[in-house]
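Tertiary structure, described
Residue strings, one per chain:
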Amino acid sequence: MAFHWRWDFTWDILPQLAMGALNTLLAAVLGYLIAMVIGLGFALLQRTGIWTLNRLVREVVEFIRSTPLVLQIFFVFYVGPQFGLTLMPWTAGMIAIGLHYASYLSEVYRGALDAIPRGQWEACRALNLSPQRTYAGVILPQAVPAALPGMGNYLIGIFKDTPMLSVIGVAELMHTANAIGGNNYRYLEPYTLVGLIFLLISLPAAFGIRRFESWVRRALGMGRGH
Amino acid sequence: MSYLEFLEEFGARYLDGSLITLIQAVCSSILAIAIAATMGLMRLSHLWGVRAIATCYVEFFRGTSLLVQLYWIYYVLPLFGVPLDNFTAGILGVGMNLGAYGAELVRGGIQSVPRGQYEAAIALNMSPIGRMRRVIMPQAILNMLPPWGTLLIELLKGTALVSLISVADLMFEAKQINGSTYLSAQAFGTALVIYYIMARLIITPLMRWSETLLSRRMGRA
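Residues numbered from 1 in each chain as written. Chains lettered and ligands numbered in written order. Predicted model: local features only at pLDDT ≥ 70, side-chain atom pairs only at ≥ 80, totals over all residues.

1. Observations concerning the interface of chain A and chain B
How big an interface is tends to be expressed through the accessible area that disappears when the partners come together. Condition: By the criterion used throughout, residues are in contact when their C-beta atoms, derived from the backbone, lie within 7 Å. What counts as a helix is a DSSP run of H or I of at least four residues, what counts as a strand is a run of E of at least two, and both are numbered from the N terminus. As a working rule, the residues Ala, Val, Leu, Ile, Met, Phe, Trp, Tyr, Cys and Pro are called nonpolar, Asp, Glu, Lys and Arg charged, and the rest polar, with Gly in that last group.
Counting residues at the interface gives 31 residues for chain A and 33 residues for chain B. If you list the elements that add at least two residues to the side of chain A that touches chain B, you get helix 2 (51-66), helix 3 (69-82), helix 6 (131-161) and helix 8 (188-222) of chain A. No other element matches the nine residues that helix 8 of chain A contributes to the side of chain A that touches chain B. Taken together, the residues of the side of chain A that touches chain B sort by class into 23 nonpolar, six polar and two charged.

Structure follows, in structure tokens:
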């Protein structure tokens with residue numbers, strides 16, 4: 001089999017790959033939502049003031065961050081059945097990727113919260129603001145713009161890591177391409193198209209996220225005067 | 001089977017796998033650093049064409065995912081008459097991918113050196129190469145060491161993917177052991193702990209150590 005691009009084959013497989021791409025996007029968005037929530041939990045649990053708890057959560061986050069995602073996906077998928085709890089590939093995949101990115105996002109949140117000067121907290125206390133108003137009116141408007149670049153990078157990061165879900169049989173783009181390649185003994189078109197689809201989505205997404213960041217920064221900058 | 005028995009039976013295979021993972025990580029780090037230095041400097045070139053080549057490289061490798069690149073290198077590149085064994089394909093894939101991320105760190109590191117340093121070097125009549133080697137680079141490298149530590153951990157994690165093109169690394173051994181024993185928690189858990197130890201007990205201290213060494217040589221510590 002030599003290099004010979006077949007257009008008819010390309011058109012044949014494109015609809016299947018498009019479906020796979022949709023599943024990839026779905027996996028990225030779902031995983032990211034889970035990561036945002038759990039990540040916030042990780043970040044807040046490190047600010048409780050209970051030393052052992054802070055330390056423990058810190059180590060858990062470090063552990064998840066420093067070990068390979070693909071191994072974590074296998075771990076979550078296969079360990080359940082060993083103890084009588086069978087997970088669907090989608091469920092296991094979302095738990096694994098959600099937890100992995102939660103550990104990244106918690107670092108982003110933590111950095112953004114730590115970057116707020118002490119004086120801001122003290123001023124809120126001096127003005128006798130309720131915790132809700134402290135967060136909603138003072139802390140978050142400053143922390144959110146600081147967190148956005150990191151959050152945007154990880155949104156694209158999670159999208160690019162979803163192909164790893166194919167190893168446990170989540171029917172996303174990479175899995176679809178593997179199946180097509182295996183059935184037809186042609187890997188040139190499916191794998192090349194997967195690469196192109198990734199580029200076509202991630203480059204405009206990166207651009208869009210930059211635009212969104214500057215928009216938020218401007219919107220919050222104007223809204224701060226009252 | 002108790003965990004100790006498990007380790008006794010499979011410990012040797014975990015060691016073999018770890019060794020392959022370390023070799024993969026070291027080789028692809030060298031490749032990644034070489035690519036990062038070249039592409040990072042090219043991104044700062046005054047020549048439009050040179051800058052464009054480096055930008056394309058970086059955007060291409062950061063825009064697609066490592067797994068896709070690995071499969072492409074291993075399954076598609078042979079069709080163009082470049083047959084690669086899986087070991088080399090793994091090193092190439094991981095090194096080229098992480099090299100693209102590294103290039104951005106190199107560019108950022110050099111740009112973070114204050115303009116006054118360039119101007120002082122020019123005022124002292126240093127040659128462009130001497131200026132780079134003796135004034136700019138030492139400061140740039142010191143600035144980029146912490147993010148490089150993170151990147152090298154990413155690289156170590158990336159090497160786990162080479163198991164999917166059948167390189168017998170740590171991840172691969174864990175999968176095999178899981179397949180033959182069905183002791184998933186032990187099989188994958190052990191591998192997770194080994195990866196963690198490599199990251200925290202080898203890479204992190206190594207980066208700390210080079211940071212202190214370098215800052216001491218620059219009279220900052």
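Having seen it, we continue.
2. Considerations on helix 2 of chain A
To keep it simple, the criterion reads: Expected span of a helix: the number of residues minus one, times 1.5 Å. The exposure label follows from counting other C-beta atoms within 10 Å of a residue's C-beta, where the C-beta atoms are placed from the backbone and the thresholds are 20 or more for buried and 12 or fewer for exposed, leaving partly exposed in between.
Under the 1.5 Å per step criterion, the end-to-end length of helix 2 of chain A is 22 Å for 16 residues, consistent within 8% with the ideal 22 Å. For helix 2 of chain A, the complete set of buried residues consists of Val57(A), Val61(A), Ile64(A), Arg65(A) and Ser66(A). In this structure, the buried side of helix 2 of chain A is in contact with helix 1 (7-45) and helix 4 (89-114) of chain A together with helix 6 (128-159) and helix 8 (184-217) of chain B.

3. Overview of the environment of Leu4(B)
All names here are of chain B. If you trace the backbone, Leu 4 turns up in helix 1 (residues 3-43). By C-beta crowding, Leu 4 is classed as exposed, having 9 other C-beta atoms within 10 Å. Considering only alpha carbons, one finds Leu 4 and Thr 150, 146 residues apart in sequence, at a separation of 33 Å.

4. Concerning the nonpolar core
In plain terms, the rule: What makes a nonpolar core is a set of buried Ala, Val, Leu, Ile, Met, Phe, Trp, Tyr and Cys residues, with links drawn between C-beta atoms within 7 Å.
Of all hydrophobic cores here, the largest spans 113 residues; its most connected members are Val70(A), Leu71(A), Ile73(A), Phe74(A), Leu70(B) and Phe188(B). Looking at which element gives the most residues to this core, the answer is helix 4 of chain A, with 12 residues.

5. Quick word on the confidence of the model for chain B
Going by this rule: One confidence number per residue, pLDDT, is output by the predictor and ranges from 0 to 100.
Averaged over chain B, the pLDDT score is 93; the fraction of residues at 70 or greater is 100%. As a predicted assembly, this complex carries a pTM of 0.91 together with an ipTM value of 0.91.

6. Examining unusual backbone geometry
Positive phi is not limited to glycine here, since Asn128(A) has a value of about 60 degrees. Looking at the secondary structure, you find Asn128(A) in the loop between helix 5 (118-126) and helix 6. Positioned with a positive phi, Asn125(B) is a non-glycine residue whose angle comes to about 60 degrees. Along the chain, Asn125(B) turns up in the loop between helix 5 (115-123) and helix 6.

7. Points about the packing of helix 1 of chain A against helix 4 of chain A
Residue and element names in this part refer to chain A. In plain terms, the rule: Axis definition: a line fitted to C-alpha atoms, over the contacting stretch in the case of helices. Angles run 0 to 180 degrees between N-to-C directions. In this scheme, roughly parallel covers angles under 35 degrees and roughly antiparallel covers those over 145, while 65 to 115 is roughly perpendicular and the rest are oblique. By convention, the crossing between two helices is left-handed when the near helix turns anticlockwise from the far helix through less than a right angle, and right-handed when the turn is clockwise.
Their axes nearest at 6 Å, the elements helix 1 and helix 4 cross at an angle of 50 degrees. One finds that helix 1 runs oblique with respect to helix 4. The chirality of how helix 1 crosses helix 4 is right-handed. Tallied by class, residues from the contact of helix 1 with helix 4 come to 18 nonpolar, six polar and one charged.

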